Amino acid sequence: MTQRRGPPSGFTLIELLVVMVIIGLLAALVGPQLFSKLGKGRQAAAKAQIELLGQALDQFRLDTGRYPSTQEGLQALVVNPGADNWDGPYLKKGVPQDPWGRPYQYSCPGSHGEYDIASYGRNGTPGGEGEDKTIASWD
């Protein structure tokens, strides 16, 4: 019986290294663009949530004649703080956290209007640029 010799099966180390370098280059080019889209998506979600919280606050005011105080906070949209004519809950699923997992900042009266609602972005501090930028009801 003779053994048949043919080309060895499988990949060489060089071929595997070339493929890994190509995958690394693609990840380096695509990764930053993908992560910037994620940050913009979180900012858009925060803006939408602030808008919905504003609508719920307006409904609270229509029923009770006032906005919740800073001490009552946004929780007054879910649980009656003792206000006459409260007809809530005004939010179906409770008060949401911002997209970075922190509570929204609420004050009434606000510095920029009858009330202020803000999310301090990824870093959790006022101001900032990019994904760290404060998203607020007055913008």
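Look up a bit, the structure's there.
First, a word on scope: everything that follows refers to the structure included in this document.

Parameters and conventions
Residues numbered from 1 in each chain as written. Predicted model: local features only at pLDDT ≥ 70, side-chain atom pairs only at ≥ 80, totals over all residues. Heavy atoms only, no water. Core = buried A, V, L, I, M, F, W, Y, C linked by side-chain atoms within 4.5 Å. Buried < 20%, exposed > 50% of the residue type's maximum accessible area, 1.4 Å probe, protein only. Helix = DSSP H or I, 4+ residues; strand = E, 2+ residues; numbered from the N terminus. Contact = heavy atoms within 4.5 Å. Salt bridge = Lys/Arg side-chain N within 4 Å of Asp/Glu carboxyl O.

Quick look at the nonpolar core
Leu-57, Leu-77, Tyr-106 and Ile-117 are the most contacted members of the largest nonpolar core, which totals 21 residues. With 6 residues, helix α1 (residues 13-64) is the largest single contributor of residues to this core. Residues within four places of Leu-57 in sequence aside, it is in contact with Tyr-67, Pro-68, Leu-74, Leu-77, Tyr-106, Tyr-115 and Ile-117.

A short note on unusual backbone geometry
Gly-88 connects to Pro-89 through a cis peptide bond whose omega is 5 degrees. In this fold, Pro-89 is placed in the loop between α1 and β1 (105-107). Following Cys-108, the chain continues to Pro-109 via a peptide bond in cis, the omega torsion being 0 degrees. Counting through the fold element by element, Pro-109 comes out in the loop between β1 and β2 (116-119).

Quick notes on the pattern of salt bridges
Counted under the stated rule, the structure contains 5 salt bridges. In this structure, Glu-114 engages Arg-61 in a salt bridge whose closest nitrogen and oxygen atoms are separated by 3.6 Å. Taken together, the residues Glu-114 in the loop between β1 and β2 and Arg-61 in helix α1 connect sequence positions 53 residues apart. For Glu-114, a relative accessible area of 45% gives the class partly exposed. Residues Glu-72 and Arg-66 are paired through a salt bridge, measuring 2.9 Å at the closest nitrogen-oxygen approach.

So, the side chain of Glu-131
The topology assignment puts Glu-131 in the loop between β2 and β3 (135-136). Overall, the relative accessible area of 17% leaves Glu-131 in the buried class. Once residues within four sequence positions are removed from consideration, Glu-131 is found in contact with Gly-39, Arg-42, Gln-43, Trp-100, Gly-121 and Arg-122.

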